[in-house]
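Take a look at the letters that make up each chain.
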Amino acid sequence: MTAPRRPARRARPRGASGARRWPARLAAVVLLALVIPVAGGSAAGAAIRGGLVERIARPDSSTGSPRSSTASSTDESGGSLPSSPGSASSSTGPGNRVTVTVDEVQAPAAGSSVVSVQGTLSTSGPQPLTDLRMSLSIGSPAVTSRGRLETLAENGEARPQPSYRQLPLSGGQSTQPLSDPPVQGADPVRFMITSDLGASALPVRVGVYPLRVKVTGSVGGQPVAPLGVAYTFLVRSSGQQQRTPVAVVLPLADQPRLRSDGLLTDNELADEVKPTGRLYRLLDAARSTVTAEGRPAVTLAVDPTLVQALQIMTNPDGYHYASPGGGADGVKEPQSSDAAQFLNDIKNFADAGGGVFALPYGDADLAALVHAQKLDTVSYAVNTGQVVLAALLKREPAQMASVAYPVDGLADTATVDVLRQLKVGTVLLDDRILRPGSAVPYTPSATYELPTSAGPIRALATDHRLAEIATSFDGRADGPSAGVVLTHFRADLAMITAEQSEPRFQVLALPRGWNPPTDDWAKQVLGAIDSDYSVPVPLDGGAGQNQSPARRGVLVYPADAQARELPVTYLDAVASVRDEALALGPVLCPPPKATRTCRIDRVDPMSNALVTATSVAWRGGAWSTVCR
């Protein structure tokens, strides 16, 4: 394949890479850790134990790795890219002695007008609560835009406030007495309130309405109103609208754990792929979704180095991982049945018609490599990633979907151009950087066309709002509940449908490193897409469903995105040592040993380990762990 043409090297923002010397020093640490073990012996073991790959801890985040967060990105003019607000489920201001947490909103079933809300009540005040009563009110008018929905999700009392109408309860009363009030220090008290929407007209297609749950009563014998308030949303659907097709991309990725001597850097993958492990739960959720045609609806973006690490763990003779007390040979573990099952599940997923595409080998930092003009590494990472995954799925590389998902969906025109030169047909980009040529007052179709030097490329705008809502539930006691987040997620999907009568294809690309806080959260998110107003579709099928031709988009690369890339000086050092490692080929495999087998066994592991040194996993916060 012809090497991609080199784009002009872009100037890095001043001060973006910090001190000029530390990237080179850090590169030396990484390279020693990755390359020296090939020689074997105790010195090699000592080198790897002092290296970067042994000293990076997984960030504890349900929304993905903080090293690649886009929440504070700025565009090229210096303005901030918008970040979606969170979901507010309760109000605990000075006048609110009761925390009302909504767990679930049950919208009316077909032919019904009954709505119910479930949740919990708690208090931190010492004074007794008496005469508690609860009411449910619906706001009007219906929410008019996704922007307004975000505002109300963050602050239910934001102005202009909706006009609330108190709903009659199922027993005919206007309020519901609470005989079991919450007590300080005790477990929260569960509640369920059911109301009838009455004969109010259904929306023509679908409508999203604010809901308010209010608690009144007395504190220490003195009436207080309200004691607590919570805001949420109700989706009402006529069932007559065309549903919005939504494709979901779910990465199965992990930080690089392959060493050039065949050891793994640690044994954390064993926990990741066992039942209840992070990767297991993600793949299990993907397998639970099906389209109307019976094929899996989710598209998997698979890390090829993860595949290789798991294949090592399936060795019948067991595998070894590095440990301070393990010596040069590391710690031996028996063959992992969980790793074998995980790989088999990926194959079965693909055989059932599920979409699967490869992330670049090592999940290489594509944008950083392009800006450092390491195009040979970009080409190797993209092509080798496809080869590794194709071998797992027992397909030819040419049969693999040619899709690129840069970390956080961030890439500039130079990176997209190089990807197209490498025969990538589709690139996933955050919708905040991929914009329609002219502003529109609704959520446009995700499908765009971008010009490149190698011809047009299909660009799919990934919806950042849907992704941020889906990953905003983190399981913390002081955060939004699963029910509130799921209701917000459904409301946002409904608003997309409500904006226009014709459906527009949408893409939800979940972040790398997403760690759903409960065993079933990923399944709940994916299951919520199959509704009266949205429908799951595969990535390769949704763009053609009732869609107008792709429009030209405008790509705006955030100014601080490049500042978060791996530094050019670091990548220069990696490339230099990789060149030296490749130059060792004739030494490690001299005639008559200069066979393909010798190169695969002795040279390729060094080269591949150095490609993983360019992984996006080593961005940002990972540096400080090593440089201390």
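Being a predicted model, the structure only gives us computed values, none of them experimental. (Residues numbered from 1 in each chain as written. Predicted model: local features only at pLDDT ≥ 70, side-chain atom pairs only at ≥ 80, totals over all residues. Heavy atoms only, no water.)

## Quick notes on the state of the cysteines
Part 1: Taken as a whole, this structure holds one disulfide when the rule is applied.
Part 2: Residue pairing for Cys589: its cysteine sulfur links by disulfide to Cys598, the two sulfurs lying 2.0 Å apart. Of note, the bridge from Cys589 to Cys598 carries an S-S torsion of about -90° and is left-handed in sense. Pair check on accessibility: Cys589 and Cys598 agree, each one buried. (Disulfide = S-S within 2.5 Å. Buried < 20%, exposed > 50% of the residue type's maximum accessible area, 1.4 Å probe, protein only.)

## Re the sheet that holds strand β2 (residues 114–123)
Part 1: Read from one edge of the open sheet, three strands run β1-β2-β6, paired in antiparallel fashion. Here the strands that pair on one side only, and so sit at the sheet edges, are β1 (98–106) and β6 (189–196). Along the sheet, successive strands turn relative to each other by an average axial angle of 25°, direction set aside.
Part 2: Taken together, the eight bridges between β1 and β2 define a ladder with antiparallel strand orientation. The residue bridging Gln106 from the neighbouring strand is Ser116, located in β2. (Pairing = 2+ DSSP bridges. Helix = DSSP H or I, 4+ residues; strand = E, 2+ residues; numbered from the N terminus. Axes fitted to C-alpha atoms, helices over the stretch in contact; angles between N-to-C directions.)

## Topic: the packing of helix α3 (residues 146–154) against helix α12 (residues 482–499)
Part 1: For the pair α3 and α12, the least separation of the axes is 10 Å and the interaxial angle reads 160°. With respect to their mutual orientation, α3 and α12 come out roughly antiparallel. Between α3 and α12 the crossing geometry is right-handed. Taking contact as the criterion, the partners of Arg146, Leu149 and Ala153 in α3 are, on α12, His488, Ala491, Asp492, Met495, Ile496 and Glu499.
Part 2: Tallied by class, the residues present in the contact of α3 with α12 amount to five nonpolar, one polar and three charged. (Parallel < 35°, antiparallel > 145°, perpendicular 65-115°, else oblique. Left-handed = near helix turned anticlockwise from the far one by under 90°. Contact = heavy atoms within 4.5 Å. Nonpolar A, V, L, I, M, F, W, Y, C, P; charged D, E, K, R; others polar.)

## Notes on unusual backbone geometry
Part 1: A cis amide bond, omega 0°, links Ser140 with the succeeding residue Pro141.
Part 2: Inspection of the secondary structure puts Pro141 in the loop between β3 (129–140) and α3.
Part 3: Here the residue pair Ala225 and Pro226 is connected by a cis peptide bond, since its omega of -5° sits within 30 degrees of zero.
Part 4: Mapped onto the elements of the fold, Pro226 is located in strand β8 (residues 222–237).
Part 5: At Asp131, a residue that is not glycine, the phi angle is positive and equals roughly 55°.
Part 6: Mapped onto the secondary structure, Asp131 falls in strand β3.
Part 7: Relative accessible area serves as the criterion here: at 61%, Asp131 is assigned to the exposed category.

## Thoughts on the packing of aromatic side chains
Part 1: According to the stated counting rule, one finds three aromatic pairs in the structure shown.
Part 2: Over the aromatic face of Tyr405 sits the side chain of Arg512, whose NZ or CZ is 4.9 Å from the ring centroid.
Part 3: In this structure, Arg578 is placed above the aromatic ring of Tyr380, and the distance from its NZ or CZ to the ring centre is 4.8 Å. (Phe/Tyr/Trp six-rings, centres within 6.5 Å; stacked < 30°, edge-to-face > 60°. Lys NZ or Arg CZ within 6 Å of the ring centre and 35° of its normal.)

## Comments concerning empty space enclosed by the protein
Part 1: Going through the model one piece at a time under the given rule, you end up with seven cavities of 30 Å³ or more.
Part 2: Size it by volume and the second largest cavity reaches roughly 90 Å³.
Part 3: As for the second largest cavity, its lining consists of Ala358, Leu359, Pro360, Leu366, Val382, Gly385, Gln386, Val403, Ala404, Tyr405 and Val424.
Part 4: At the level of secondary structure, the elements contributing two or more residues to the lining of the second largest cavity comprise α9 (375–393) and β14 (403–404).
Part 5: Of all the elements, α9 adds the most residues to the lining of the second largest cavity, at three residues. (1 Å grid on protein atoms, 1.4 Å probe; cavity = no way out; pocket = protein on both sides within 12 Å on 5 of 7 lines; lining within 4 Å. Points joined across faces, edges and corners; volume = space filled by probe spheres on them.)

## Brief notes about helix α6 (residues 304–313)
Part 1: Across the ten residues of α6, eight count as buried, placing the element largely inside the fold.
Part 2: All buried positions along α6 are accounted for by Pro304, Thr305, Leu306, Val307, Gln308, Ala309, Leu310 and Met313.

## Examining the environment of Leu582
Part 1: For Leu582, the position within the fold is in helix α16 (residues 568–583).
Part 2: Those residues within four positions of Leu582 in sequence are excluded, and the remaining contacts are Arg599, Val603 and Ser607.

## Digging into α3
Part 1: Of the residues making up α3, those classed as buried are Arg146, Arg148, Leu149, Glu150, Leu152 and Ala153.
Part 2: Its buried side turned inward, α3 meets β7 (206–219), β8, α11 (464–470) and α12.

## Topic: the side chain of Arg619
Part 1: By the secondary structure assignment, Arg619 is in the loop between α18 (596–612) and α19 (622–627).
Part 2: Engagement of the side chain of Arg619 in a polar contact is seen with the side chain of Asp365, the distance being 2.7 Å. (Polar contact = N/O pair within 3.5 Å; in protein donor to acceptor, adjacent residues only side chain to side chain.)

## So, the confidence of the model for the protein chain
Part 1: The predicted model of the protein chain has a mean per-residue pLDDT of 83, with 82% of residues at 70 or higher.
Part 2: Mean pLDDT across the elements of the protein chain ranges from a minimum in helix α2 (residues 41–49), with 28, to a maximum in α6, with 98.
Part 3: Confidence over residues 13–80 falls short of pLDDT 50; this stretch has 149 contacts with residues more than four positions distant or in other chains.
Part 4: For residues 621–628, every residue scores under 50 in pLDDT, and the model assigns this stretch 19 contacts once sequence neighbours within four places are set aside. (pLDDT = per-residue confidence, 0-100.)

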